[in-house]
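Read off the chains here:
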Amino acid sequence: MPPTTQLPGVAELLEAAVEAVGGTRREGQDAMAQAVRSAIATGEHVAVQAGTGTGKSLAYLVPAIHHAVTKGKTVVISTATIALQRQLVDRDLPRLAKALKPLLGRAPTFAILKGRRNYLCLNKLHGPDDVDPADELFDPFAISAMGRAVKRLHEWADTTETGDRDELVPGVTDATWRQVSVTARECLGAARCPVGEECFAEKARGEAGKSDIVVTNHALLAIDAMDGRPVLPEHDVVVVDEAHELVDRVTGVATAELTSGIVVTAARRVGKLVDQDVADRLLEAGEGLGMVLEDLPPGRWESLPKAVVGALSAVRDAAASCKASLGGERREDPEAAGGRKQAQAALEEVADTAVRLLGAFDEPDPAKRRDVVWLAEQGPDGSRHKVLRAAPLWVGGLLRERLFGRSTIVLTSATLALGGNFDALARQWGLPPSTAVAAAGDDPVPDPSAPKWSGLDVGSPFAHARSGILYMAKRLPPPGRDGLPPSYLDEIAGLVEAAGGRTLGLFSSMRAAKQATEALRGRLDTPLLCQGEDSTMQLVKKFAEDEETSLFGTLSLWQGVDVPGPSLSCVIIDRIPFPRPDDPLVAARQRATDSRGGNGFLSVSATHAALLLAQGAGRLLRGMDDRGVVAILDPRLATARYGAFLRASLPPFWTTDDRDKVHAALRRLRGAT
C-alpha cells in the first residue's frame, strides 16, 4: 500500500466512487462529504439533512473509508432498518471497495454485526430440547409446526456460513428462533462453549474487529453504549444513518418489562438446578404479581400501588434467594453449563427489573425521575395479560455521555430539520441548541462542557416547487374520533379518480385505512389494495407494477415505500399523525418539559408528528422525473398555531388549498403518462 501521505483526498475518492456506480456528482453530495470529512478531522459532531436522491450513502461512506484506511481505525455505520443494512453490505460497500482499491492500494474491508440473539447458537441447537415455558403451546398443530421449523433449522445449520437469522428464507417465528439462539447474558462464552470455535456470533465479531467499516443497527449501538461490556469493536467515528429513529430505538433498548409469565419462566428454569422449595418461592411470587396486576387498570403510574410494592418485593427477594442457591459458575458438562447460564440470565432480568421498578419513584419530582412506569395490556384478544413497563423519561443524557462523549458522531437522514432547524431533534439527542437559537435566549445558561456540533441541510436534487403540490384541504372539518367522516371519504375519492389510481393513502390507524378501503372499493373504477390483505412487500410490488392501482395502509408505509415513476402521483395523509394522548411516555415527557418552562406539546407531540409527516410526504418524489401531489386532509395544518412548525418541516412544495387546481393537475399528469 502507498504511504498515507500519497493517498488521494476525499474529493478524488468520491469522484471515483460516483463514476464507478454510474452516478453523477451532485452539489449536495459534495457538500455532505466535505462536512463529514471535516467532522472526522476536528472531532466536532455534525448533523446532515440530505434529501432523497442526494446520494448520502456515498457521501458518508467515502470519508469514513478514507479515515479508516489512513488512520488504521474502524468506523461504525449504524442504521435503523434491515433494508438499509442490506443495501450497504450487499450493494454499496462491495462496489465502493472495488472502485477505491486502485486508489487506496487495497480494497477497504467491511462487515455486518448484529446482536447475539440474531445468530444461530450451535450449542443450543444440538443440546437437549428445552422449550421455553413462555412458548408452551397447547395446540397440537402449533407444536408440530414448531417441531418442523426446528428440524428445518437443523438442516439450515449445515449449509449456512453466517447463521444470521435474516438469511433464513422463509423465516421462522420468534418462539421458534428462541429455541436455537441465546442472548448475551445466556451465552457461555467462546472459551467455555464446546462449539465456541464454530460460533457464528463470535465469527461475526471477529470479522468486525478486522474491518475498516462495521455496519450495525441502532439497537446494538445503544447496547454498546449502555452496557459495561462493549459489543462493537474499538472505534472513534460513528455514522448514524436514519438518525431520526435513534431516540426511539435507544428508548426501546432501555425499556424493561415484567410480567407474571417472565417470573414464572425464570422459576421453572432455576427449578431444575436448586432446591425446589427455593424455586417455588419465586414461582409463587410470580403468580402473586400476576394476580395483583390483573386487578389494576392499565395506565401510567404516579406512584407504586401498595399491593404492587409487596408483590415486587417478594419477586426481588425470591429471585435473590434463587441466585444465591444457584451459586456461581462451576466446572460441569456443557449441557448443564448452558442450563445454568440461561437460569442465571432469567433471574438477573427479573431481579434487575424488580429493583428498577421499586426505585422508580424515589425522586419526588416527576420531571427529574429516571423512568416512566406504566401498566399495559398485551397479547391477542381472549388471552391478553398485564405487563409492567419502565422506560427512560429521556435518553438525551445517556446519548450525550455514552455516545457523543466517546466518539465523533455523524447524524444523517432525509428528515432532521423540523420547523426549519435541527434543534427539536438535537434536544432529544442531548445536544445543546444551535448558536442561532441560543443567541435568541432559548438556552439561558450555555454549558461549556456541552458537545460541539453543527447542522447542515444539503438540500435535495429535486425541484420540489416545480415537481410537487402540497394540497391542504382546510375546508374539511377537523378529524374526530369516530372514523373518517363522509366529507373525508368524498375528498379521497375525488383525488384518486383525478389521479387515475396511482395513490398511496397513509392513514393514522389501521381502522381508518380499512374504513376508506371498504367505502371506496365500490365507488372507484381503479384497483384498491389495503395493508393486511397480503404481505406488505407483495402489496407494494403490486402497487408499483400496475399504474392504476392504489394502496392504503398505516405506519410502516409512511417510511417504507420507494416507488419512483408514474405508479405513484398522489400521496394522501388523512390526519396529522400526533401520538396518542394517552401514550404514557409521551404524556410524561410533555409534562416534564412543561415543568421546566418549555412547550411540551411542541417539543414532544408536534416533533413526533412533524417527523412522520415529512417521512410520509417524502414518498412522493423518489426519482428525478416524478411529479405529483401530497394531499393532507387535516385542516389543522393550515389553521392551527402549530401548523407553521409542521409546514416548515415538509419539503418546499408549491402549496394550495384549491381543490379544483389539484384535480386538474392530477388529470394532466395522468394524461402525460
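Preceding block: the structure.
Only a predicted model underlies this, so the values are computations on that prediction, with no experimental measurement involved. (Residues numbered from 1 in each chain as written. Predicted model: local features only at pLDDT ≥ 70, side-chain atom pairs only at ≥ 80, totals over all residues. Heavy atoms only, no water.)

Trainee: How would you explain the sheet that holds strand 13 (residues 503-506) if you had to name every residue and give the values?
Mentor: Pairing is parallel across the open sheet formed by seven strands, whose spatial order is 14-15-13-16-17-12-18. Looking at which strands have only one partner, the edges of the open sheet turn out to be strand 14 (528-530) and strand 18 (654-656). Averaged over all pairs of adjacent strands, the angle between their axes in this sheet comes to 15°, without regard to strand direction. Across three bridges, the pairing between strand 14 and strand 15 (residues 550-553) is parallel. Note on strand 15: the bridge partner recorded for cysteine 530 is phenylalanine 552. Here helix 19 (residues 486-499) sits on the sheet in contact with strand 12 (468-472), strand 13, strand 15, strand 16 (570-573) and strand 17 (628-632), set at roughly 175° to strand 16. (Pairing = 2+ DSSP bridges. Helix = DSSP H or I, 4+ residues; strand = E, 2+ residues; numbered from the N terminus. Axes fitted to C-alpha atoms, helices over the stretch in contact; angles between N-to-C directions. Contact = heavy atoms within 4.5 Å.)

Trainee: Give a detailed account of helix 23 (residues 584-595), specifying residues and quantitative values.
Mentor: Its 12 residues place the ends of helix 23 17 Å apart at the C-alpha level, agreeing with the 16 Å of an ideal helix rising 1.5 Å per residue. Within the sequence span of helix 23, burial applies to Pro584, Leu585, Val586, Ala588, Arg589, Gln590, Ala592 and Thr593. Buried residues in helix 23 make contact with helix 10 (246-253), strand 7 (299-300), strand 8 (371-378), strand 9 (385-392) and helix 24 (600-617). Taking the backbone nitrogen of leucine 585 as reference, a side-chain oxygen 3.0 Å away marks aspartate 583 as the first, capping residue of helix 23. (Expected span 1.5 Å × (residues − 1). Buried < 20%, exposed > 50% of the residue type's maximum accessible area, 1.4 Å probe, protein only. Polar contact = N/O pair within 3.5 Å; in protein donor to acceptor, adjacent residues only side chain to side chain.)

Trainee: Account for the nonpolar core, with residues named and values stated.
Mentor: With 84 residues, the main nonpolar core has Leu120, Leu246, Leu399, Leu411, Trp429 and Leu646 as its most contacted residues. The contacts of leucine 120, once residues within four sequence positions are left out, are Leu125, Trp156, Ala157, Gly163, Trp177, Val180 and Phe200. Ala50, Ala64, Ile77 and Leu100 belong to the second-largest nonpolar core, a separate cluster that totals 40 residues. (Core = buried A, V, L, I, M, F, W, Y, C linked by side-chain atoms within 4.5 Å.)

Trainee: Would you mind going over the sheet that holds strand 6 (residues 256-258) in detail, with residue names and values included?
Mentor: Spatial strand order, 6-9-8-7: four strands in an open sheet with antiparallel pairing. The sheet is open, and its two borders are formed by strand 6 and strand 7, each paired with just one other strand. Bridge count between strand 7 and strand 8: two bridges; the pairing is antiparallel. From the neighbouring strand, glycine 299 faces strand 8, where its bridge partner is leucine 375. The sheet contacts of helix 12 (residues 276-294) involve strand 6, strand 8 and strand 9, and relative to strand 9 the element is tilted by about 90°.

Trainee: Quick one: what's the story with unusual backbone geometry, residue by residue and with numbers?
Mentor: Residue proline 170 is reached from valine 169 by a cis peptide bond, and omega for that bond is -10°. Considering the arrangement of structural elements, one finds proline 170 in the loop between helix 6 (140-157) and helix 7 (174-178). Even without being a glycine, glutamate 242 presents a positive backbone phi close to 55°. Note that glutamate 242 resides in the loop between strand 5 (237-241) and helix 10. Judged by relative accessible area, which is 16%, glutamate 242 ranks as buried. Backbone geometry places arginine 502, a non-glycine residue, at a positive phi of 50°. Residue placement: arginine 502 occurs in the loop between helix 19 and strand 13.

Just distances and angles here, no functional claims.
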